[in-house]
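Here are the chains, one letter per residue:
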Amino acid sequence: MRVVIADDSGLLRDGLERLLTEVGVEVAAKVADAAALLPAVQIHQPEVAIVDIRMPPTFTHEGARAALALRAAHPTIGILLLSQVIETTFVADLVRSSPRSLGYLLKDRIVNVSVLRDALRRIAAGETVIDPELIGLLMGNRAVAVQLARLTEREREVLDLMAAGRSNQGIASCLVIDTKTVESHVARILAKLDLPPAPDDHRRVLAVLTWLRR
């Protein structure tokens, strides 16, 4: 199997190359940023590209964006995304749009060469390999989506203003309704989000947190 590695950390690139070479995987190229990834894939035609999600210049989602571009340009290539922390913004898009030959692992997992080798083998064979922690998070987001789907359009507007820090009076002024109506909307929002009265929880804050998690 041939792979290309894209990661801004030279130490990680070299470490991955050593690990992979030990298990018979050929590292055809190593690059330090997302801009160099597509040309390297074009030249070396690897079976799998191993891509760090956060790379220069902003260290946000350059790697994930490059993976989206890579999948568009090379639909059959395997992509293994690596991350130090759980990321969902672009990973969820990739999983939904093109789950075949796709993997996502936290970097902590790849110190175990057998886990890395198995992931690469499965990705090259067309399978999807997703870190268990990401699966748990995505399932949690699905539960949140189900809760929020219960809200009416007006209730969503009220909750959005709650998340912006508006008081009931402020929400009433913004939506041109009276505060009693706002209070009714808030009560229904809390009920639909499964937030019953509790002595130790601030239900308004919990509702806002649910909204932000979407």
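The paragraphs below set out a description of the structure included in this document.

So, how was this worked out
Residue positions within a chain follow its written sequence, with the count starting from 1. Per-residue local features of the predicted model are confined to residues with pLDDT of at least 70, and side-chain atom pairs are confined, for both listing and counting, to 80 or more; whole-chain, interface and lining totals are unaffected and use all residues. The side-chain quantities take in all heavy atoms of the structure and omit both hydrogens and water. Secondary structure elements are taken from DSSP: a helix is a run of H or I of four residues or more, a strand is a run of E of two residues or more, and numbering for both begins at the N terminus. Three labels apply to residues, based on accessible area from a 1.4 Å probe with only protein chains included: buried if under 20% of the type maximum, exposed if over 50%, partly exposed otherwise in between. In what follows, a contact means two residues having at least one pair of non-hydrogen atoms within 4.5 Å. For the charge count, each Lys or Arg is scored as positive and each Asp or Glu as negative, with His and the chain ends excluded. By convention in these notes, a salt bridge is any Lys or Arg side-chain nitrogen within 4 Å of a carboxyl oxygen on Asp or Glu. The criterion is simple. A nonpolar core is a set of buried Ala, Val, Leu, Ile, Met, Phe, Trp, Tyr and Cys residues joined through side-chain atoms within 4.5 Å. When DSSP finds two or more bridges between two strands, those strands count as paired. When the strands point away from the viewer, a crossover counts as right-handed if the path from the first strand over the helix to the second runs clockwise. Structural elements are reduced to axes, namely lines fitted to C-alpha atoms, with helices fitted over the stretch in contact, and the angle between N-to-C directions of any two is expressed from 0 to 180 degrees.

## Considering the environment of S101
Link 1 in the chain: Take S101: it is sitting in the loop between α4 (89-97) and β5 (102-106).
Link 2 in the chain: Its relative accessible area of 6% is what places S101 among the buried residues.
Link 3 in the chain: With 22 residues separating them in the primary sequence, S101 and I79 have C-alpha atoms 6.4 Å apart.
Link 4 in the chain: Among all residues touching S101, those that are not within four sequence positions of it are R71, T76, I77, G78, I79, I123, G126 and E127.

## Observations regarding the side chain of E62
Link 1 in the chain: With respect to the element layout, E62 can be found in helix α3 (residues 62-73).
Link 2 in the chain: Salt bridges are absent for the buried E62, whose nearest opposite-charge side chain, R65, sits at 4.9 Å.

## Considerations on the nonpolar core
Link 1 in the chain: Counting residues in each nonpolar core, the largest one holds 24 residues, and the members touching the most others are L37, A49, L70, I79 and L81.
Link 2 in the chain: Secondary structure elements with two or more residues in this core: β1 (2-6), β2 (26-31), α2 (37-44), β3 (48-52), α3, β4 (78-83) and β5.
Link 3 in the chain: Those residues in contact with L37 that lie beyond four places of it in its chain are V4, A6, V31, A49, V51, A66 and L70.
Link 4 in the chain: One finds V25, L80, L82 and V129 within the second-largest nonpolar core, a separate group that totals 18 residues.

## Focus: the pairing of β5
Link 1 in the chain: Of all five residues making up β5, five are buried, and the element is well covered by its neighbours.
Link 2 in the chain: Burial along β5 is two-sided: L102, Y104 and L106 facing one way and G103 and L105 facing the other are all buried.
Link 3 in the chain: Bridge analysis of β4 against β5 gives five bridges, and the strand direction is parallel. Following the sheet pairing, L80 is matched in β5 by G103.
Link 4 in the chain: As for the winding sense of the linkage, the β-α-β connection from β5 through helix α5 (residues 113-124) to strand β6 (residues 128-130) is left-handed.

## As for the sheet that holds β4
Link 1 in the chain: Taken together, six strands build an open sheet; the order of strands is β2-β1-β3-β4-β5-β6 and the sheet is parallel. Of all the strands in the sheet, just β2 and β6 have a single pairing partner and so form its edges. Taking the axes of each pair of neighbouring strands and ignoring which way they run, one obtains an average angle of 20° across the sheet.
Link 2 in the chain: The pairing of β1 with β2 spans five bridges and is classified as parallel. Its bridge partner being in β2, V4 is matched across the sheet by A29.

## A few points about the environment of L116
Link 1 in the chain: Tracing the chain through its elements places L116 in helix α5.
Link 2 in the chain: For L116, a relative accessible area of 0% puts it in the buried group.
Link 3 in the chain: Taking the C-alpha atoms as reference points, L116 and V23, 93 residues apart in sequence, are found 9.9 Å from one another.
Link 4 in the chain: Sequence-distant contacts of L116, defined by excluding residues within four places in its chain, comprise L16, L20, L80 and I110.

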